[in-house]
Amino acid sequence: MARIDTLLIANRGEIARRIIRTGRELGLTTVAVYSDIDADAPHVREADRAMHLGPASARDSYLNIEAVLAAARDSGADAIHPGYGFLSENAAFAEACAEAGLIFVGPAPASIRLMGDKAAARQRMAEHGVPVLPGFDREGADDATLLREADRVGFPLLIKAVAGGGGKGMRAVQRAEEFEEALAAARREARNAFDDDRVLLERYLPTARHVEVQVFADEHGNAVHLFERDCSVQRRHQKVIEEAPAPGLSEQQRQELGQAAVRAARAIDYQGAGTVEFLFSPEGEFFFMEMNTRLQVEHPVTELVTGEDLVAWQLAVAEGRPLPKAQQDLCLNGAAMEVRLYAENPYQQFLPSSGRIDQLRWPDGVRVDAGVEQGDIVSDYYDPMIAKLIAHGDDRDQARRRLARALDQLALTGVHHNTAFLRRVLLDEAFAAGELDTRLLEHRPYLLEPAGQAPEPLAVAAATLVAGQGQAGGDPWSGLPAWRPLGRRRTLVPLRVDEHDFTVVLDNEQATVADRRAPYRLRRHGDLFELDWGEDRLSGQALFFDGRRLTLFVHGQDYRIETHPARESEHAGGADDFRAPMSGTIVACHAAPDTPVAAGDAVITLEAMKMEHTLRASAPGTVRAFLVQAGDSVSEGTLLVDFETEEE
């Protein structure tokens, strides 16, 4: 039986910190690794030791197998935990660890390789009685064959990267005429993400749920499941909210799912932690999608409903010990729900955002697995997830309400983020009722819409009054000498909220914003405030007060406030400019110069975070010239295309 004394975590961010936490509890020496840009990251600060890997690029650092193995050797590590992402499902890395005499905290390379090939995985599952969707998974099929087989499978269908994961290299195709463009994009994205452009086809279930089962197996022949999670709420095939157990399942369905997942693990002689993902139809049928041969991002919800530490289980299996518990000893306790807090811009179609975290306050009463803290940098080199917030309750509704309240208490500035969006989904009637499927957000598009660029009058009133009281509290008329009194009890307040200018009038305990005038009452408790303005009430946090500037954080939305601003004119850019919405790499120029394009036509595609983002013409026009070419790296705001509309 092997023994682990020193554990190297071949990852970064919140999962590295999560593994370090369990390692410390087990008395292990923990070793972090880092790239140039992560030299002072939280996971580096918290580990017992830290080893430098290389430059900021993941390819030169966290994906550099030789550098990771050298760090393990130089640090005296016995074992490597890969976390998720990066090298976690790389069979060659698992083999290299074994050759170096290191324990790989994960399954055998053969299992990783088999389940990493989505076509081979489908075939193995079908052989062992695990239901699979109708589709086409023959090796090496060319585009013409795939087009012919797509007609046979029928539309709508899903194109999936054979080596894929995380939604990369995946396209849903509704009609035959969309297939070729979607196939080209899926192949290109798969090639960029996995260096493998093979794809398979599967029947697309438009109203299915995504239900997955946590499994564990050891080298002694034991295999169990730790129940299921529902991950149906997704955007662009990326999970947004995860919960355990899956709502609405009968006990029989739960048992059948769990037994099928264990059967899948046994079919490949699996060892360690794995997740078997299923599509669950409205009729109660379920179909195998894929198996992730690693710890999942959403593993905390399983930990909260079972009371088990899944990282500790992984380490036990890696040392050759039996599973800590048998199936009959595992039970569900209440419900848990998790949201993924991302640095992304709701006003730019949720594209990733990067920058320094200026202010950050985590809520109380929930579990927070965070990758950054106040003052840290969210880099555009890596996945933009900031943290996971996880709530537990006696039942699903209690967990949901606790999580929504936690988002109300969160304060985060410095980067764009999706907090307000997450809160809207948690409070949505359909979600609250458990009416889930993978197209929930597609059917309720208003949930994806930003709260609005122009601030609501209630937020403007709150900004005025909170700014007036200042950090120490007090009379709003004495808080800012820049305010101009118009009488004994009447004050005119020039204010800028984000990029919008307002003039607020305060008189006789009344506040007037735009055409609305109502009495107000403001209560302050440190940085917390609560405002009654007429019949409306608003509560939130006030941060960054420095005499003229502060930030309000309300219901997941942050408002940047400047009192008595200069009234300079605002330059408006051209509406049809093709500017890079984020930093990335150009991967394709679709239109030919001096060739007309129609509204909606793809013009140029850039890749960031291994995901593609296509810019399309918003109006008919002509591409006069491309200012960049495939392979160029561009920063946010770079003009990419000289485009002339028909009107111009």
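The structure we're discussing is the one just above.
Residues numbered from 1 in each chain as written. Predicted model: local features only at pLDDT ≥ 70, side-chain atom pairs only at ≥ 80, totals over all residues. Heavy atoms only, no water.

A. Focus on the overall build of the protein. Check the secondary structure of the protein and you find 17 helices and 40 strands. Relative to a compact globule of 648 residues, whose C-alpha radius of gyration would be 26 Å, the protein shows 27 Å and is just as compact. Principal-axis analysis of the C-alpha atoms places the extent of the protein at approximately 85 × 65 × 55 Å. Out of the 648 residues in the protein, the part that is buried amounts to 57%. Taking contacts inside the protein between residues at least 6 apart in sequence as the whole, the part at least 24 apart equals 61%. For the protein, the accessible area works out to roughly 27000 Å², and carbon and sulfur atoms hold 45% of it. Counting 70 positive and 102 negative side-chain charges, the protein places the centres of these two groups 4 Å from one another. (Helix = DSSP H or I, 4+ residues; strand = E, 2+ residues; numbered from the N terminus. Rg over C-alpha atoms; globule rule 2.2 N^0.38 Å. Buried < 20%, exposed > 50% of the residue type's maximum accessible area, 1.4 Å probe, protein only. Contact = heavy atoms within 4.5 Å. Areas by Shrake-Rupley, 256 points an atom, 1.4 Å probe, with all protein chains shown as cover. Lys, Arg positive; Asp, Glu negative; His and termini not counted. Charge placed at Lys NZ, Arg CZ, Asp CG, Glu CD.)

B. Molecular detail of the nonpolar core. Core analysis: the largest hydrophobic core is formed by 38 residues, its most contacted members being Ile241, Ile386 and Leu426. When contributions to this core are tallied by element, the ones reaching two or more residues are strand E12 (238-244), strand E15 (335-342), strand E22 (385-393), helix H12 (396-409), strand E23 (411-413), helix H13 (419-427) and helix H15 (440-443). If one sorts the elements of this core by residue count, H12 sits on top with five residues. Residues within four places of Leu426 in sequence aside, it is in contact with Ile241, Met337, Val339, Arg400, Leu403, Ala404, Leu407 and Phe431. Counting residues in hydrophobic clusters, the runner-up holds 31 residues, among them Tyr84, Val105, Phe227 and Leu315. (Core = buried A, V, L, I, M, F, W, Y, C linked by side-chain atoms within 4.5 Å.)

C. Representation of the sheet that holds strand E34 (residues 584-589). Taken in spatial order, the four strands make up an open sheet running E37-E36-E34-E39, and their pairing is antiparallel. Two strands close off the open sheet at either side, each with one partner strand: strand E37 (611-616) and strand E39 (633-634). Of the pairings in the sheet, the one linking strand E36 (residues 602-608) to E37 comprises six bridges and is antiparallel in character. Bridge assignment links Glu607 to a residue of E37, and that residue is Glu612. The strands that helix H8 (residues 179-194) touches are E34, E36 and E37; relative to E37, the one it contacts most, it runs at about 140°. (Pairing = 2+ DSSP bridges. Axes fitted to C-alpha atoms, helices over the stretch in contact; angles between N-to-C directions.)

D. The arrangement of the side chain of Arg254 in detail. Following the sequence through the fold, Arg254 ends up in helix H9 (residues 251-267). At a separation of 2.9 Å, a polar atom in the side chain of Arg254 contacts the side chain of Glu228. Ignoring anything within four residues of it in the chain, the contact list for Arg254 reads Phe227, Glu228, Pro245, Ala246, Leu249 and Leu332. (Polar contact = N/O pair within 3.5 Å; in protein donor to acceptor, adjacent residues only side chain to side chain.)

E. Looking closely at the pairing of strand E9 (residues 199-203). Where burial is concerned, most of E9 is hidden: four out of the five residues are buried. In terms of strand pairing, strand E6 (residues 135-136) meets E9 through two bridges, oriented antiparallel. Looking across to E9, one finds that Gly135 is bridged to Glu202. In this sheet, E9 lies alongside strand E7 (residues 157-165) in antiparallel orientation, the contact comprising five bridges.

F. View of the pattern of salt bridges. Inspection of every chain in the model, using the stated rule, returns 60 salt bridges. Between Arg367 and Glu303 there is a salt bridge, with its nearest N and O atoms 2.9 Å apart. With a gap of 64 residues between them, Arg367 in strand E20 (residues 367-370) and Glu303 in helix H10 (residues 299-306) connect regions that are remote in the sequence. For the residue pair Arg367 and Glu303, the accessibility class agrees, reading buried in each case. Across the salt bridge formed by Arg400 and Asp397, the nearest N and O atoms sit 2.7 Å from each other. Of this pair, Arg400 and Asp397 both sit in helix H12, three residues apart, which is roughly one turn of the helix. (Salt bridge = Lys/Arg side-chain N within 4 Å of Asp/Glu carboxyl O.)

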